[in-house]
Amino acid sequence: MISPSESRDLAHRLLAWEANAGEAAEPAESISLRVYEKLRRRLCILAGVAGFHSLASRALTLAKSEAPDLAAVQVAPDGSLLGLGKPDVQIDIVGSKAGEGETILIARLLGLLLIFLGGALTSNLISDLWPDATLDDNIAGNGRKA
Amino acid sequence: MSTQGKVTIHKLLTGVPGLDEIVGGGLPEFSFNIIAGAPGSGKTTLAHQFVFANATPERPALYFTVLGESAIKMLRYQQQYTFFNPAKLPDSIRFINLSQVVLEKDLGAVLEEITTEVQKANPAVVVVDSFRTMVRQPQSDMDLQSFIQRLALFLASWQATTFLIGEYAEDELRDNPIFTVADGLFWLRQTTERNSIVRKLQIVKLRGQASVPGLHTFRITDAGIQAFSRTFGLTARVRNPVGERRLSFGIPELDKMLDGGVREGDSVLVAGSSGTGKSVLATQFIAEGINQGEPGIVAVFEERPQAYAERAASLGLDLDTPQKEGKLAILYLRPLDLSVDETMQSILDAVQKIDAKRLVIDSLAGFEMALSPGFRADFRESLYRMIFALTGIGVTILSTVEVDESFTEFPFSTYSISFLCDDIIRLRYVSIEGQLRKIMVVIKMRGGNHAKDIREYEIMSKGVVILGKRLTNYQGLISGIPVRSAHSAQEVEPSHVTEIEKQT
């Protein structure tokens, strides 16, 4: 079983990869929102909008219990997030508490994927979205146990 | 390539053990197929096995999910099967959910969505699961028919082999345009018989090639679906011509009664009541085969392999060494909820694994009793198919069967399976001079000039031993209660000895 700390670590890494992949000309969009949007688009193809909406709502509910700053955030009918997206380009993702709620949300979403799809398929999905990303064997190998 | 030649329809492996044989060697490429059946009958698993067997990064599979089972849950469950290779996702296998299009738009939009994705991916395989939910409420029959026609035409033109999965009842076979358009129709059935679940597969329709007709048992295991062809996968094998070679029992007198031994490729039935030595005879038959370099299989149902080998050892027959050397396999089959076809498949697998030349089924009564009641109705028919298939490739089969001892009748078998056998050897008790003695007679030998003698035998430390003299001084031996003949007061030499002597 993937622990919350492991899925949070994975979320941190996705945010770091996305930050590195960002371009200067890009709008000052939340990195975590970009990560979320990539996941949303891919998962809507896989599971449908309704399927993704259910997953995202569950992830948000779980994340809200850990991050009160997500209290105003909602999942829109198309699965996108409402009330999130303030620029956090300056945030030190690893060390700062700022933006931690978004990280927890991503972590919770990844945690659900690991639970439902397993490590191997989640790893494939992430590799498909972030081709340069490398995941440790622990994540990929945890699929069947998750 | 000859421009005048007929088109070659390539066959794709189904990825389902046993199914290739049933569909005639594989599924026709670019065919438009329906997998129909009730919920839980294995439709999605069948489609997944085909997809995983055929999808490549160059020619991927597109798996469209619609309403019904969510893709995430589907993947969660399907990945438990051993055929599921996660590395194939998403490069070789791509899942696309069409629920929103179906819910919010019409069939035209659905077709457009599928068309777009197919043109983008150039897939070798397309699956729509569940197609039924997509067309449950068509605006009119014409809409549905038009949609299916266009979908089939488009996917065939794009060189995709297609599966539409649907939950259909059998009475929907008529008047449904989808079944008219389909090239292949796979119907999966699941019924409950007593406490057992019986799964059967039927190829209702398959254009372009001959499939094996009828209902085929299938099972869903950790490895996915495994189908059991009614022909047991042996139709593709070259049938051996009927040989003239005779196989010895290792009992010279019995071999003589059989005109030199059992003809290779025959099915022999040894019938007798309890304690008459049927299993001993069968063991001697298999042991003699090992001595002659002919690997053998013994399928036992009433005792465990170790006990069987120990009993053979008590007769001086070593079955342990040939087992270790891979020349003999003793199968202990207590199938309980297995179908007769699955059980027979186990025997066939063992036969093919060691290239067995002799097979002993000990006993048919035990075999039938080991099956759950729901499958017993198929027993005779399945047994017939297995014996026909195995003897056709040159395996010689000896089956034992217990018959009720009667002192007014002389039954060969209570199972009405005599027609399955080329040769019948009957063992029975007779009451002679205050003793319960044993006699043996060859009742039938197809294509052979067997002895007509009724011979007395005993089971000794080295097995069945036929005693030297033919009993001629009794009348009514086969009744079990003979009377001493008035005109003869002695035993004479067996007829086959005198006949051979006359010839020389």
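Residues numbered from 1 in each chain as written. Chains lettered and ligands numbered in written order. Predicted model: local features only at pLDDT ≥ 70, side-chain atom pairs only at ≥ 80, totals over all residues.

## So, the interface of chain A and chain B
Contacts between the two partners involve 15 residues from chain A, matched on the other side by 14 residues from chain B. Secondary structure elements with two or more residues in the side of chain A that touches chain B: α2 (31-66) and α4 (118-129) of chain A. Looking at which element gives the most residues to the side of chain A that touches chain B, the answer is α2 of chain A, with seven residues. Classifying every residue of the side of chain A that touches chain B gives nine nonpolar, five polar and one charged. (Contact = placed C-beta atoms within 7 Å. Helix = DSSP H or I, 4+ residues; strand = E, 2+ residues; numbered from the N terminus. Nonpolar A, V, L, I, M, F, W, Y, C, P; charged D, E, K, R; others polar.)

## Focus on the sheet that holds strand β18 (residues 396-402) of chain B
Residues and elements named next belong to chain B. Pairing within the open sheet is mixed, and its nine strands lie in the order β16-β15-β17-β18-β14-β19-β20-β21-β22. Edge positions in the sheet fall to β16 (328-332) and β22 (463-470), since each has one partner strand and no second. Each neighbouring strand pair of the sheet contributes to a mean axis angle of 25 degrees, computed without reference to strand direction. Strand direction decides the pairing type here: strand β14 (residues 267-272) and strand β19 (residues 423-432), joined by four bridges, are parallel. In the sheet register, L269 faces β19, and the bridge partner there is I424. This element, helix α11 (residues 305-314), spans β15 (296-300) and β16 of the sheet and lies at about 130 degrees to β16. The sheet strands contacting helix α16 (residues 379-392) are β14, β17 (358-362) and β18, and the helix crosses β18 at an angle near 150 degrees. (Pairing = 2+ DSSP bridges. Axes fitted to C-alpha atoms, helices over the stretch in contact; angles between N-to-C directions.)

## Looking at the pairing of β18 of chain B
All names here are of chain B. The element β18 is extensively covered by neighbouring structure, given that seven of its seven residues are classed as buried. Residues T396, L398, T400 and E402 line one face of β18 and the alternating positions I397, S399 and V401 line the opposite face, and both faces are buried. Pairing between β14 and β18: six bridges, direction parallel. When the sheet's bridge partners are listed, S267 is paired in β18 with I397. Across four bridges, the pairing between β17 and β18 is parallel. In the strand pairing of β18, L359 is matched with I397. (Buried ≥ 20, exposed ≤ 12 C-beta atoms within 10 Å, placed from the backbone.)

## A closer look at the confidence of the model for chain A
All names here are of chain A. Averaged over chain A, the pLDDT score is 79; the fraction of residues at 70 or greater is 75%. Here helix α5 (residues 137-141) stands out as the element of chain A with the lowest mean pLDDT, 60, in contrast to strand β1 (residues 74-75), whose mean of 94 is the highest. Note on residues 87-98: pLDDT under 50 across the span, and 17 contacts to partners over four residues away in sequence or across chains. (pLDDT = per-residue confidence, 0-100.)

## Quick word on the packing of helix α3 (residues 100-116) of chain A against α4 of chain A
Residue and element names in this part refer to chain A. Between α3 and α4, whose axes approach to 6 Å, the crossing angle comes to 130 degrees. Taken together, the axes of α3 and α4 are oblique relative to one another. Residue-level contacts link L110, L113 and L114 of α3 to G118, G119 and T122 of α4. (Parallel < 35°, antiparallel > 145°, perpendicular 65-115°, else oblique.)

## Notes on α11 of chain B
Residues and elements named next belong to chain B. Residues of α11 that are buried: Y308, A309 and A312. Each buried residue of α11 sits inside an arc of 95 degrees when the element is viewed along its axis, so together they form one side. Seen from the open side of α11, the exposed residues pointing more than 90 degrees away from its buried face are Q306, A313 and S314. Buried residues along α11 sit in contact with α10 (278-291), β15, α12 (320-324) and β16. Looking at the residues trailing α11, positive phi occurs at G316, about 80 degrees. (Arc of directions from axis to C-beta.)

## Notes on the sheet that holds strand β5 (residues 93-97) of chain B
Strands in a sheet are paired, the pairing made by backbone hydrogen bonds, and the direction either parallel or antiparallel. All names here are of chain B. Strand order in the open sheet made by the nine strands is β5-β4-β6-β7-β3-β8-β9-β10-β11, with mixed pairing throughout. A single partner strand is all that each edge strand has here, and the edge strands are β5 and β11 (224-228). Put simply, the sheet's adjacent strands are angled 25 degrees from each other on average, direction ignored. Packed on one face of the sheet, helix α2 (residues 43-54) meets β3 (32-37), β4 (61-65), β5, β6 (125-129), β7 (161-166), β8 (184-193), β10 (215-221) and β11 and runs near 160 degrees to β6. Each of β4, β5 and β6 touches helix α5 (residues 107-121); the most contacted strand, β4, lies at about 160 degrees to it.

## Side note on the environment of F83 of chain B
All names here are of chain B. Turning to its location among the elements, F83 is positioned in the loop between α3 (71-78) and β5. Since 19 C-beta atoms lie within 10 Å of it, F83 is described here as partly exposed. Along the backbone, F83 and G224 are 141 residues apart, and their C-alpha atoms lie at a distance of 7.0 Å. When residues no more than four places from it in sequence are discounted, the contact partners of F83 are G15, Q49, F52, A223 and G224.

## What to know about the pairing of β22 of chain B
All names here are of chain B. Bridge analysis of strand β21 (residues 454-460) against β22 gives five bridges, and the strand direction is antiparallel. Residue pairing in the sheet places M460 in a bridge with G463 of β22. Taking the residues that link successive antiparallel strands as the turn, the β21-β22 hairpin has two residues.

## Looking at the environment of V198 of chain B
Residues and elements named next belong to chain B. Within the secondary structure, V198 is located in strand β9 (residues 196-206). With 19 C-beta atoms counted inside 10 Å, the residue V198 sits in the partly exposed group. Considered as a pair, V198 and F179 are 19 residues apart in the sequence and their alpha carbons are 25 Å apart.

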